[in-house]
Amino acid sequence: MPHRFEDAAKWAKVFDDPARDVWQRPADVVVVLELKPGMTVADLGAGTGYFLPHLSKAVGASGVVLGLDVEADMVRHMGERAASGGLSNVTAKLVAFDDPGLVAASVDRVLIVDTWHHIASREAYSKKLAAGLKPGGFVAVVDFTMETDKGPPKKHRIAPEQVVAELSAGGLSARVVEEPLPDQYVVVGVKK
Ligand SMILES: C[S@@+](CC[C@H](N)C(=O)[O-])C[C@H]1O[C@@H](n2cnc3c(N)ncnc32)[C@H](O)[C@@H]1O
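Keep in mind that this is a model prediction, so the values were computed, not measured. (Residues numbered from 1 in each chain as written. Predicted model: local features only at pLDDT ≥ 70, side-chain atom pairs only at ≥ 80, totals over all residues. Heavy atoms only, no water.)

*Asks:* What exactly am I supposed to notice about helix H6 (residues 122-132) here?
*Replies:* Working note: α-helix, 3.6 residues per turn, so residues spaced by three or four point in the same direction. Within the span of H6, buried status applies to Arg122, Tyr125, Ser126, Leu129, Ala130 and Gly132. Take H6 and look down its axis: the buried residues cluster within an arc of 160 degrees, on one side only. In the core, the buried residues of H6 are packed alongside strand E1 (40-44), strand E4 (107-113), strand E5 (133-144) and helix H7 (160-169). (Buried < 20%, exposed > 50% of the residue type's maximum accessible area, 1.4 Å probe, protein only. Helix = DSSP H or I, 4+ residues; strand = E, 2+ residues; numbered from the N terminus. Arc of directions from axis to C-beta. Contact = heavy atoms within 4.5 Å.)

*Asks:* It is not clear to me how the layout of surface pockets should be interpreted in this structure. Could you clarify?
*Replies:* One water molecule sets the probe size; rolling that probe over the atoms shows where empty space is left. When its volume is computed, the largest pocket comes out at roughly 990 Å³. The wall of the largest pocket is formed by 41 residues, among which Phe5, Phe15, Asp114, Thr115 and His118 lie closest to the centre. Among the elements of the structure, helix H1 (8-15), helix H2 (20-24), E1 and strand E2 (64-69) are those that each provide at least two residues to the lining of the largest pocket. When residues of the lining of the largest pocket are assigned to their parent elements, the largest contribution, three residues, is made by H1. (1 Å grid on protein atoms, 1.4 Å probe; cavity = no way out; pocket = protein on both sides within 12 Å on 5 of 7 lines; lining within 4 Å. Points joined across faces, edges and corners; volume = space filled by probe spheres on them.)

*Asks:* Is there a simple way to think about the pairing of strand E7 (residues 184-190) in this case?
*Replies:* The side chains of a regular strand alternate between both faces of the sheet. Across the seven residues of E7, six count as buried, placing the element largely inside the fold. For E5 and E7, the ladder comprises seven bridges, and the chain directions are antiparallel. Bridge pairing links Val139 to Gly189 in E7. Relative to E7, strand E6 (residues 173-177) runs antiparallel, the two being bridged by five bridges. Residue pairing for E7: Ser173 is matched across the bridge by Val190. Linkage of E6 to E7, two consecutive antiparallel strands, is achieved through a turn of six residues. (Pairing = 2+ DSSP bridges.)

*Asks:* Where do I start with the nonpolar core in this structure?
*Replies:* Nonpolar side chains tend toward joint burial in soluble globular proteins. Counting 28 residues, the largest nonpolar core has Leu33, Leu35, Phe51, Leu55, Val65, Leu111 and Val186 as the members making the most contacts within it. Of all the secondary-structure elements, those providing two or more residues to this core are helix H3 (26-33), helix H4 (52-59), helix H5 (72-84), E4, E5 and E7. Contact partners of Leu111, with chain neighbours within four places excluded, come to Val29, Leu33, Ala42, Asp43, Leu44, Phe51, Leu55, Ala140 and Val142. Counting 25 residues, the second-largest nonpolar core is a separate cluster that includes Leu68, Tyr125, Leu129 and Val187. (Core = buried A, V, L, I, M, F, W, Y, C linked by side-chain atoms within 4.5 Å.)

Keep in mind that these numbers describe shape and distance, not what the molecule does.
Dropping the structure here:
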């Protein structure tokens, strides 16, 4: 059974704790994404929408941000957050557990933070991500290292080398990238 995140108000206290900014470094995550104005970026497993303001600003008024999640209450919460924050380029959308629901070759980037380990059949899922990416676009998986005290129980964590293998199985050109995050790694998978 998948771990559920059904109550957005409850999780907002965790995901949107201002203390998170110190170690999550959202501005540095946006740098890794190499976003440009006008791009389309999906935040898969976006939760309460912690990253949405950062992504919205980076792609600008001509860009598109898709906040995707499997939990209806998270999607409702993100929609309200976007409206109250004036994030007019953000759309929140409910997706299936086994499919990101991306239109073929439609997105430049997919950000996946603390979510990859929740997805089942990840090799098959990677193929669906690859299909949704434009050529040259990429997925960035950000997840907790095995060493850090933060994050989910260690038995649920996935080593970066395994993420590389799973994205590669989907046809993406994957590698661990250098970044300054203290508790997480980043694996990028590029559509050739
Ligand atoms: C730990 S939270 C991370 C939220 C957000 N990425 C952040 O960093 O604040 C994981 C989120 O992934 C969502 N999720 C779990 N399985 C998913 C799947 N198969 N597809 C899309 N979202 C999923 C959960 O509902 C939850 O909102």
